[in-house]
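Overview (structure and organization)
The residues making up each chain are set out below.
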Amino acid sequence: MPASTFTAGSIDSYRLPAQPFYKPSGDEIALYEQAYAHRMPMLLKGPTGCGKTRFIEYMAWKLDRPLVTLACNEDMTASDLVGRYLLDATGTAWHDGPLTLAVRHGGICYLDEVVEARQDTTVVIHPLTDARRMLALDKKGEVVQAHPDFQLVVSYNPGYQSRSKDMKPSTRQRFAALEFDYPEAAIESAIVAEEAGVSVETAERLVGIAHRSRALRHRGLDEGISTRMLIYAARLIGSGVAPRQSCEMTMTRALTDDPDMARALQGFVEAHFD
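An account of the accompanying structure is given in this report. Remember, it's a predicted structure, so these values are computed and weren't measured experimentally.

Let's shift gears to the sheet that holds strand β5 (residues 108–112). Backbone-to-backbone hydrogen bonds pair the strands of a sheet. The strands run either parallel or antiparallel. With respect to topology, five strands assemble into an open sheet ordered β2-β5-β8-β1-β9, the strand pairing being parallel. With partners counted over all chains shown, the strands left at the sheet margins are β2 (67–71) and β9 (176–179), one partner each. For this sheet, the mean angle separating the axes of adjacent strands, direction not counted, is 20 degrees. Across the sheet, helix α1 (residues 28–37) lies against β1 (42–45), β5, β8 (151–156) and β9, angled at about 135 degrees from β8, the strand it touches most. Across the face of the sheet, helix α4 (residues 98–105) comes into contact with β2, β5 and β8 while running at roughly 160 degrees to β2.

Below, the structure written as structure tokens:
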């Protein structure tokens, strides 16, 4: 029976082919590098669309490590993380899951929005976040010691803490944390202009809309307009779509189903693109 269908070479497909664009807001790059030097498990906190995923992509590129990313959800099982036996042309073979692949061959494993995964599933990461640095493959009867370059990184949005999903204290205390937020206006405008290829003036107008929407957080909106939404709107504007239509498609309609709130947001748009 083959031991595994994955080889060390499989991890190389997770290397980023080019440098991702990332504009720092503070000293997060230097702090992360220090944490990685100790292979410290990391928790990235921050609202949706503020740049957490782009940051870890940039750091994986900068550290020259493969990045294995999983978008967590409530249907995710432990087998989805660690692997399972599957029937193929050669018989029944063990297939490493993405977490096992990173543990075995030294990648950075990024569990995006980890609180969306079932808590009984996330328990499997506990032995990887302390001095043991090991992963037990119960179905295979194997204990995998983490590669010296392996690091576990998770993200979550504290804005959803009031809901039923949150990190258990026994899990979150195993991580060092970096907190992210939307960048200050000048930096966010530069990011939008660079990512979407629009003028800084257009980017500044979009950021102005976002700032007004973020003031409505918990006053009718769960969250305001994210940097990611601004980039979507700017790309449509850059390709010739009228600003009002671009903003309606990518921000107003996407953010709320409430007609009154949608009108309020569209009012912000019209105030910046008259």
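That was the structure; now back to the text.
Its 14 residues place the ends of helix α11 (residues 259–272) 20 Å apart at the C-alpha level, agreeing with the 20 Å of an ideal helix rising 1.5 Å per residue. Considered for burial, the residues of α11 that qualify are M261, A262, L265, Q266, F268 and V269. For α11, the angular spread of the buried residues around the axis is 145 degrees, confining them to a single face. Pointing more than 90 degrees away from the buried face of α11 are the exposed residues D260 and R263. Looking at the packing, one finds that the buried side of α11 touches α8 (200–214) and α10 (243–255). Where α11 begins, the capping side chain belongs to D258, and its oxygen is found 3.1 Å from the backbone nitrogen of D260.

With that settled, consider the pattern of salt bridges. Here the idea is simple: oppositely charged side chains can pair when their charged atoms come close. Tallied over the entire structure, the rule returns 18 salt bridges. Where salt bridges share partners, they join R54, E57, E195 and R235 into one cluster.

Attention now goes to the nonpolar core. Counting residues in each nonpolar core, the largest one holds 30 residues, and the members touching the most others are L99, L111, F150 and L152. When contributions to this core are tallied by element, the ones reaching two or more residues are β2, α3 (78–82), α4, β5, β6 (134–137) and β8. Element by element, the count of residues in this core is highest for α4, at four residues. Sequence-distant contacts of L111, defined by excluding residues within four places in its chain, comprise L70, C72, L81, I125, L152, V153, V154 and S155.

On to the environment of T122. Within the secondary structure layout, T122 lies in helix α5 (residues 119–122). Expressed as a C-alpha distance, the spacing of T122 and C72, which sit 50 residues apart in the sequence, is 9.9 Å.

Further remarks concern unusual backbone geometry. Backbone geometry at R39 places phi at a positive 55 degrees, although glycine is not the residue there. Examined against the element boundaries, R39 turns out to sit in the loop between α1 and β1. What makes R39 partly exposed here is its relative accessible area of 22%. The residue E113 is not glycine, and still its phi comes out positive at about 50 degrees. Structurally, E113 can be placed in the loop between β5 and α5.

Further remarks concern the pairing of strand β4 (residues 91–96). The sheet contact formed by strand β3 (residues 83–88) and β4 spans six bridges and is antiparallel. Across the sheet, Y85 pairs through a bridge with W94, a residue of β4. Hairpin connection, β3 to β4: the antiparallel pair is bridged by two residues.

Attention shifts here to the packing of aromatic side chains. The tally for this structure, following the rule as stated, stands at six aromatic pairs. Where Y32 meets F55, the ring centres are 5.6 Å apart and the plane angle is 85 degrees; that geometry is what we call edge-to-face. Here Y32, found in helix α1, pairs with F55, found in helix α2 (residues 52–62); they are 23 residues apart in sequence, far enough to count as distant. Each member of the pair, Y32 together with F55, is buried. Seen in terms of ring centroids, Y58 and W61 are 6.1 Å apart; in terms of plane orientation they differ by 35 degrees. Their pairing is tilted. Of this pair, Y58 and W61 both sit in helix α2, three residues apart, which is roughly one turn of that helix. According to the relative accessible area criterion, Y58 is buried, its value standing at 10%. For W61, a relative accessible area of 32% puts it in the partly exposed group. Here the aromatic residues Y22, Y32, F55, Y58, W61 and F180 are joined through ring pairs into a cluster of three or more. One residue, R39, lies across the ring of Y36, its end atom 4.0 Å from the ring centre. Just above the ring of Y182 sits the side chain of R214; from NZ or CZ to the centre is 3.8 Å.

To describe two helices that pack against each other, one gives the angle between their axes and the distance between the axes. Contact geometry for helix α7 (residues 185–196) and helix α9 (residues 227–238): axes closest at 9 Å, N-to-C directions at 45 degrees. Judged by the angle between their axes, α7 and α9 are oblique. Considering how the two elements wind past one another, α7 and α9 form a crossing that is right-handed. Facing E188, I191, V192, E195 and A196 of α7, the residues of α9 in contact are T227, L230, I231, A234 and R235. Its residues assigned to classes, the contact of α7 with α9 shows six nonpolar, one polar and three charged.

Quick notes on the rules
- Residues numbered from 1 in each chain as written.
- Predicted model: local features only at pLDDT ≥ 70, side-chain atom pairs only at ≥ 80, totals over all residues.
- Heavy atoms only, no water.
- Pairing = 2+ DSSP bridges.
- Helix = DSSP H or I, 4+ residues; strand = E, 2+ residues; numbered from the N terminus.
- Axes fitted to C-alpha atoms, helices over the stretch in contact; angles between N-to-C directions.
- Contact = heavy atoms within 4.5 Å.
- Expected span 1.5 Å × (residues − 1).
- Buried < 20%, exposed > 50% of the residue type's maximum accessible area, 1.4 Å probe, protein only.
- Arc of directions from axis to C-beta.
- Polar contact = N/O pair within 3.5 Å; in protein donor to acceptor, adjacent residues only side chain to side chain.
- Salt bridge = Lys/Arg side-chain N within 4 Å of Asp/Glu carboxyl O.
- Core = buried A, V, L, I, M, F, W, Y, C linked by side-chain atoms within 4.5 Å.
- Phe/Tyr/Trp six-rings, centres within 6.5 Å; stacked < 30°, edge-to-face > 60°.
- Lys NZ or Arg CZ within 6 Å of the ring centre and 35° of its normal.
- Parallel < 35°, antiparallel > 145°, perpendicular 65-115°, else oblique.
- Left-handed = near helix turned anticlockwise from the far one by under 90°.
- Nonpolar A, V, L, I, M, F, W, Y, C, P; charged D, E, K, R; others polar.

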